[in-house]
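Coordinates in review
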Amino acid sequence: MDSLLRVEQVTKVFGRRSERALKMLAQGFGKDEILRETGATVGVHSASFTVNRGEIFVIMGLSGSGKSTLIRCINRLIEPSAGRVFLGDQDVTAADERALREIRRRRMSMVFQRFALFPHLNVAENVAYGLRVRGVPPSERRRRAMEILERVGLARWADAPIQRLSGGMQQRVGLGRAIVTDPEILLMDEPFSALDPLIRRDMQDELLRLQSDLKKTIVFITHDLDEALKLGDRVAVMKDGVIHQIGAPEEILQEPATDYVAEFVRGVSPQHVLTARHIMQTPGALVKVKDGPRVALREMEAEGLSSAFVVDEAGRLVGLVLADDAVRAISEGRRNLREIAVKDSPRVAPDTLMDDLLPIAAEARYPIAVVDDDGRLLGIIARVHVLSGLVAHRREPADGRKPGEGA
Amino acid sequence: MVNAWFRIPLGPWIDAATGVLVVNLRGVFRSISDWIGVVLGAVEGVLRGAPFWLVLLVVSLLAWKVAGRGPGLFAGAGLLFIAGIGLWDRAMITLALVLTATLVSMILGIPLGILAARSRTLDAVLRPVLDVMQTMPSFVYLIPALMLFGIGRVPGVIATVVFAMPPAIRLTNLGIRQVPRDVVEAARAFGATPSQLLFGVQLPLALPTIMAGVNQTILLSLSMVVIAAMIGAGGLGGVVLTAIQRVQIGTGFEGGIAIVILAIVLDRITQALARNRRGRNDS
């Protein structure tokens, strides 16, 4: 995957004697000693990570962990004391005022915890703000704002003052304001923390839905582990200004790198937070309808499997061809995979929780297909993965099912 | 006796400093005086030159439109009353002085307030200066104003500005500082330039507070009217002053009531302006 954002050794020290504090940091002194010696506070210490194009990268930490400081170092709302930030090939940390403004206007945008909407502007004007500072003429601004409002379901509120909107709706405006400029990166600073739990769930789903259309690159801050695991393609766990671990949600859960992370994720049952999206894999044997049974059989042979998924030209799942059926079709001279494919193999949406996958996996005779709303095949889940994933986290003895049996 | 051996010659120092100012900066004071004279002349020309019924009608309609029916009717009746007690022309002189002083206070005070909101140093320097400007007994301003600018309406305006400007500065400063931090941060995050931030976000959001400052400036200006009359500003203040010197109770009250009527009309209009802005934000 190609990387879009590279954060290298970013450090932020607050206070007057930050130079001296930086030196002490380099010598390996701790946060508390530095505070005592210099009166300077270490916000972020040597944070490095890379965000790939199109992924949701979550930075998770409790309050005071430095996560909000870190995300502000990316667009330099807070000036990093040391380290570099690259957006593509451009060194953001080296940009002058004007270049930085251009980056903020076109390439990065931000969503805020307390929404931070402009109270003197109406909904559409708020959404269009980024276009306004860029000098886009009013009629064009309005048109683009309306498109975005349509997208986030607020079109009929376009001319309302923002004070009339509920929290969830206000944050949709905040989200709209961030995507209207079509930036490459969205920086989201605890965007759903101020919302009540039910609305928060909706907004998370909405974000995933938007993301599947827009394919933006997102850096998402949260203090909520469930949210981190639900949204993150990868998660960075932060404490006291230091990143403790970066990994996919299941890695964080299954192989915590430090005691802190282990402590943090203890008691989290993966089946409550992990979804099909997290554990699905690219299908081993995959053929197109027009390929015919011979190709299907060869695929299965190459992959060492006894079945292959069949998709149409648009990538929509047609069904599953079994090796036996393929052999029979060849001997009978039939060529159409659509006829011989098993069509009732289990299918799930990508946001299906492991909890809900379990009964499906227990019943299923074939691998589970993960498909999106349009029926496109996104990945597959072998039964064994659901079951073994579960067993790995069971503290009480596993129940009667044998994890060994699978697809 | 303390005074026998411990005496700081502050008075003589200030005399000397003022003397130096008068001699060396005569040109500067002359041109300030000229500019204010031009503005005051224009405002006075309009108010006194126009027929009284026209001014009355315009002010009443303005009050009606901005503040509502009650204040509109009050303005009409009040101004008619002033005309009825024969003080119309004097009232217009005073109104011109107050409006000019307010205008000058805004032109100087609002930018100063904006700068003070951006710079902690300027804020720290300005704060005690404003305290002094407001707490110093206003009579004291008359002396240097007299020396530097002479006698007449213009020095009256200047003394009034010194006394009435602080709220314009303070409340502009406060209004801008009160703009929520995350809103300012959002504007910056979307690439607003400093001037886009100021004119597009900070000033509009600070406007109700700034208008409250303007309201206070107007009322403080009115409270200076009698004092300004002591250096020849004339108008309603002159009426009251003469009444004091000749112990004419009736005349004194005529002048006083006219001032009160002007104050109420101006207060209702400017308060309503501040409120309307706020109302639009909150609804």
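Look above for the structure.
Presented here is an overview of the structure given in this document. (Residues numbered from 1 in each chain as written. Chains lettered and ligands numbered in written order. Predicted model: local features only at pLDDT ≥ 70, side-chain atom pairs only at ≥ 80, totals over all residues. Heavy atoms only, no water.)

Turning to the pattern of salt bridges, a few remarks are in order. Tallied over the full model, the rule gives 37 salt bridges over all chains. Several salt bridges share partner residues, and in doing so they unite Glu140, Arg143, Arg144 and Glu147 of chain A into one network. (Salt bridge = Lys/Arg side-chain N within 4 Å of Asp/Glu carboxyl O.)

On to the sheet that holds strand S5 (residues 90-91) of chain A. All names here are of chain A. Taking strand neighbours across the sheet as the criterion, the four strands line up as S2-S1-S4-S5 in an open arrangement whose pairing is antiparallel. Across the chains shown, the open sheet's two edge strands, defined by having one partner strand only, are strand S2 (41-52) and S5. Relative to strand S4 (residues 82-87), strand S1 (residues 3-14) is paired through five bridges, and the arrangement is antiparallel. Each bridged residue has a counterpart across the sheet, and for Glu8 the counterpart in S4 is Arg84. (Pairing = 2+ DSSP bridges. Helix = DSSP H or I, 4+ residues; strand = E, 2+ residues; numbered from the N terminus.)

On to the interface of chain B and chain A, then. The partner chain A presents 24 residues to the 20 residues of chain B that form the contact. The junction of chain B with chain A conceals about 2,000 Å² of combined surface from both sides, 60% of it contributed by carbon and sulfur atoms. There are one salt bridge connecting chain B and chain A. Of the charged contacts in the structure, one is a salt bridge between Arg72 of chain A and Glu185 of chain B, with a shortest N-O distance of 2.6 Å. Among the elements that make up the side of chain B that touches chain A, the one with the highest residue count is helix H11 (residues 181-189) of chain B (seven residues). (Contact = heavy atoms within 4.5 Å. Buried area = accessible area lost by both parts, 1.4 Å probe.)

The next point concerns the environment of Ser68 of chain A. Residue position: Ser68 of chain A is located in helix H3 (residues 67-74). Residues Ser68 of chain A and Gln113 of chain A, 45 residues apart in the sequence, show an inter-C-alpha distance of 10.0 Å.

For the rest of this paragraph, the subject is the layout of surface pockets. The computed volume of the largest pocket comes to approximately 1,100 Å³. For the largest pocket, the lining is made up of 32 residues, of which Leu208, Ser212, Arg277, Pro350 and Leu378 of chain A are closest to its centre. Listing elements by their share of the lining of the largest pocket, those giving two or more residues are helix H9 (197-214), helix H11 (249-254), helix H14 (276-279) and strand S16 (377-381) of chain A. Considering each element in turn, the lining of the largest pocket owes the most residues, six residues, to H9 of chain A. Class assignment of the residues belonging to the lining of the largest pocket gives a composition of nine nonpolar, eight polar and 15 charged. As for the second largest pocket, its lining consists of 28 residues, of which Pro144, Leu148, Phe149, Ile158 and Val162 of chain B are closest to the centre. (1 Å grid on protein atoms, 1.4 Å probe; cavity = no way out; pocket = protein on both sides within 12 Å on 5 of 7 lines; lining within 4 Å. Points joined across faces, edges and corners; volume = space filled by probe spheres on them. Nonpolar A, V, L, I, M, F, W, Y, C, P; charged D, E, K, R; others polar.)

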